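# Reading the structure
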Amino acid sequence: MKNIIAKSLLNKIERLEAFEERLNVRFENISVKVDDEGWVFLFFEFHSNNGPTIEDVIMIECTAYDVDGHILEVKNSYAFPDKFFGFEVFKFSFQEDGISDKINKLRLYPKL
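This is a predicted model, so every value here is computed, not measured.

### Some details on the overall build of the chain
Summing up its helical and strand segments, the chain has 3 helices and 7 strands in all. Walking the chain from its N terminus toward its C terminus, one meets helices and strands in the order α-β-α-β-β-β-β-β-α-β. Over its C-alpha trace the chain gives a radius of gyration of 14 Å, about what one expects of a compact globule, namely 13 Å for 112 residues. Principal-axis analysis of the C-alpha atoms places the extent of the chain at approximately 40 × 25 × 20 Å. Burial analysis of the chain (112 residues in total) assigns 40% to the buried set. Split by element, the accessible area of the chain, about 6500 Å² in all, is 49% carbon and sulfur.

What follows is the structure, given as structure tokens:
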């Protein structure tokens, strides 16, 4: 059952590709895991389209929405130019019992 929910959530990820193009970055190898309590874990690689570097600090944000479009939770992390080399792996955790049943959409995007 957890795998079915995880696959369903993976299909509900919305990327803002215009944001990715504007910042010359992209997300790859996105995966979702759901644990026994219904917590959701989103894993992905963050890549530069400009070789091994990024020019600015880039915030990566993931927003979870319910079926009515209400925001359930927002997670973010940062990619720093001085620590970045080609790509970096990130993990976002939505840790609330049963949140996997409440999420209708996950929006993943980068911003400055």
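### Some words on the nonpolar core
Phe-46 and Leu-108 are the most contacted members of the largest nonpolar core, which has 27 residues in total. Those elements giving two or more residues to this core turn out to be helix 1 (2–10), strand 2 (25–34), strand 3 (40–48), strand 4 (58–65), strand 6 (87–94) and strand 7 (105–111).

### Regarding the environment of Ala-6
With respect to the secondary-structure elements, Ala-6 resides in helix 1. Separated by 94 residues in the primary sequence, Ala-6 and Ser-100 place their C-alpha atoms 8.1 Å from one another. Setting aside residues no more than four positions away along its own chain, Ala-6 makes contact with Val-32, Lys-33 and Val-34.

About the cut-offs
- Residues numbered from 1 in each chain as written.
- Predicted model: local features only at pLDDT ≥ 70, side-chain atom pairs only at ≥ 80, totals over all residues.
- Heavy atoms only, no water.
- Helix = DSSP H or I, 4+ residues; strand = E, 2+ residues; numbered from the N terminus.
- Rg over C-alpha atoms; globule rule 2.2 N^0.38 Å.
- Buried < 20%, exposed > 50% of the residue type's maximum accessible area, 1.4 Å probe, protein only.
- Areas by Shrake-Rupley, 256 points an atom, 1.4 Å probe, with all protein chains shown as cover.
- Core = buried A, V, L, I, M, F, W, Y, C linked by side-chain atoms within 4.5 Å.
- Contact = heavy atoms within 4.5 Å.

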